[in-house]
Amino acid sequence: YKAQWTPVVLTPLLMASAAGALKSRRIATTALPIVSALALADGAVGFYYHARGIVRRPGGLKKPIYNTRYGPPIFAPLLFAACGFIGLMASLLRRERQ
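Residues numbered from 1 in each chain as written. Predicted model: local features only at pLDDT ≥ 70, side-chain atom pairs only at ≥ 80, totals over all residues. Heavy atoms only, no water.

S.K.: How would you sum up helix α1 (residues 6-23)? Please name residues and give values.
M.R.: The end-to-end C-alpha distance of α1 is 26 Å, a good match for the 26 Å that 18 residues give at a rise of 1.5 Å each. If you check which residues of α1 are buried, you get Leu10, Leu14, Ser17, Gly20 and Ala21. Seen from one end, α1 has its buried residues packed into an arc of 135°, which puts them on one side. Exposed residues pointing more than 90 degrees away from the buried face of α1 are listed as Val8, Met15, Leu22 and Lys23. If you follow the buried residues of α1, they end up packed against α2 (25-29), α3 (31-56) and α5 (76-92). (Helix = DSSP H or I, 4+ residues; strand = E, 2+ residues; numbered from the N terminus. Expected span 1.5 Å × (residues − 1). Buried < 20%, exposed > 50% of the residue type's maximum accessible area, 1.4 Å probe, protein only. Arc of directions from axis to C-beta. Contact = heavy atoms within 4.5 Å.)

S.K.: Hey, could you go over α3 for me, with residue numbers and the actual values?
M.R.: The α-helix advances 3.6 residues per turn, and as a result positions three or four apart in sequence lie on the same side. Across its 26 residues, α3 extends 37 Å between first and last C-alpha, which sits within 8% of the 38 Å expected from 1.5 Å per residue. Among the residues of α3, those classed as buried are Leu32, Val35, Ser36, Ala39, Asp42, Gly43, Gly46 and Ile54. In the core, the buried residues of α3 are packed alongside α1, α2, α4 (64-70) and α5.

Here it is as structure tokens:
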């Protein structure tokens, strides 16, 4: 078993950069896109490993419903990737000048 530490580290960083982007334009243009891209990449890699874990279970693709139900949660990494995607989209938006 390998410890999956990247979401544990990236989640607080993503939350902090998103909160900081509300106050600072500099954080919104530097930290938020970088951390969001890392979260998106980590979610994509996690999806690959979860899909591979389902295929490697006993029965493999012969029992797809059983292995998807009781194997690694296939959509969990995609939810994390979605957070990264939303962060990237938010970093592209610009505030109105007041």
